[in-house]
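For reference, the chains in residue letters:
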Amino acid sequence: MTVVSAQNALAKAAAKLEKHINLLKYTIFCLSVVIFIMGIFLWGYVVYSRLDTTLQEWVDALEIWQVYLGMYVLIFASIVVIIAPFLSCFAVYQELSQLLMANAGVHLFSFFVLLLGSAVLLENTTTGSGIVSEIRESMMNLIMQSQNEYASNTLNMIQESIGCCGADGPNDYLSLRKALPTECRDTVTGNAFFYGCADEVTWFLEDKSRWTTNIAISIAALEMLISVLSVILVRALQKEEKFNYNR
């Protein structure tokens, strides 16, 4: 009776473990599908932002090309994110420990690249970052060279399209004893725009980067989760092998 009881207990434990393994496999599969969809969305959004002609005009005019660095990192990360779920599904289907550990490593790599891309993007697009001083310096240079046709056209394009004036406000023109251009004034009220272009451009960039980084960090959290689940599944499969050996 003792032997039978032990075998029954072992069979129940094995059945419970099998359910646990199936749940892990199903969870990893579902997470892989979600990550794949989010990866495509992230890639599309970042590529769209990078090819935005308005953004390109401002970046080129103000010479703040470092804005693109975070986008390039996230484009690379999103490609990895799109490919990784295929490895996840294959590894789960094959139930091979080596593939599952490799899968955990790939998703962990994606996690760090997504965080890196988000950090670089935020570092070059948000209020309080170094980009503000660079925009301010570029705007002041354009104002001082406003007698030049290219500089004047660039100033007009930025100020009119954004609705800003100077680097920090109308006083930038007054301090340099330059006439306030019509592009610095509201076409309805005729009053000069209160905010400078350093703030307005940064707010525009920050709004774009906020959406991008929110998506990237959400995916990164799922990447970490799927890495942990892959390792747990490996241990569960190893435990199942021991059960089968004992039986």
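Above this text you will find the structure in question.
In this text the structure is predicted, and so the values were computed from the model without any measurement.

The rules behind each value
- Residues numbered from 1 in each chain as written.
- Predicted model: local features only at pLDDT ≥ 70, side-chain atom pairs only at ≥ 80, totals over all residues.
- Heavy atoms only, no water.
- Helix = DSSP H or I, 4+ residues; strand = E, 2+ residues; numbered from the N terminus.
- Buried < 20%, exposed > 50% of the residue type's maximum accessible area, 1.4 Å probe, protein only.
- Contact = heavy atoms within 4.5 Å.
- Areas by Shrake-Rupley, 256 points an atom, 1.4 Å probe, with all protein chains shown as cover.
- Disulfide = S-S within 2.5 Å.
- Axes fitted to C-alpha atoms, helices over the stretch in contact; angles between N-to-C directions.
- Parallel < 35°, antiparallel > 145°, perpendicular 65-115°, else oblique.
- Left-handed = near helix turned anticlockwise from the far one by under 90°.
- Expected span 1.5 Å × (residues − 1).

A.B. asks: Can you help me understand the overall build of the protein chain in this one?
C.D. replies: Within the protein chain, the secondary structure is distributed over eight helices and zero strands. Start at the N end of the protein chain and walk to the C end: the helices and strands fall as α-α-α-α-α-α-α-α. Each of the 247 residues in the protein chain was classed as buried or not, and the buried ones make up 43%. For the protein chain, the share of sequence-separated contacts (at least 6 apart) that also reach a separation of at least 24 residues comes to 76%. As displayed, the protein chain has an accessible area near 13500 Å², and 63% of this comes from carbon and sulfur atoms.

A.B. asks: Would you take a moment to explain the state of the cysteines for this structure?
C.D. replies: A covalent bond bridging the sulfur atoms of two cysteines is what the word disulfide describes. Per the stated rule, a full pass over the model turns up two disulfides. Disulfide partner of Cys164: Cys197, at an S-S distance of 2.0 Å. What sets the handedness of the Cys164 and Cys197 disulfide is the S-S torsion sign, and at about 85 degrees it is right-handed. One end of the pair, Cys164, is in the loop between α6 (149-162) and α7 (171-175); the other, Cys197, is in helix α8 (residues 197-246), with 33 residues separating them in the sequence.

A.B. asks: Sorry, what's going on with the packing of helix α2 (residues 53-62) against α6 here?
C.D. replies: Helix-helix packing is described using two parameters, namely the angle between the two axes and the distance between the axes. Running from N to C, α2 and α6 cross one another at 135 degrees; their axes reach a closest spacing of 11 Å. Our classification of the angle between α2 and α6 gives oblique. Considering the relative orientation of α2 and α6, their crossing is left-handed. On α6, the residues that touch Glu57, Trp58, Ala61 and Leu62 of α2 are Thr154, Met157, Ile158, Ser161 and Ile162.

A.B. asks: Would you mind going over helix α3 (residues 67-94) with me for this structure?
C.D. replies: For an α-helix the count is 3.6 residues per turn, leaving residues at separations of three or four pointing the same way. With 28 residues, α3 should cover 40 Å at 1.5 Å per step; its first-to-last C-alpha distance of 42 Å lies within 8% of that length. Of the residues one or two after α3, Glu95 is the one with positive phi, at around 60 degrees.

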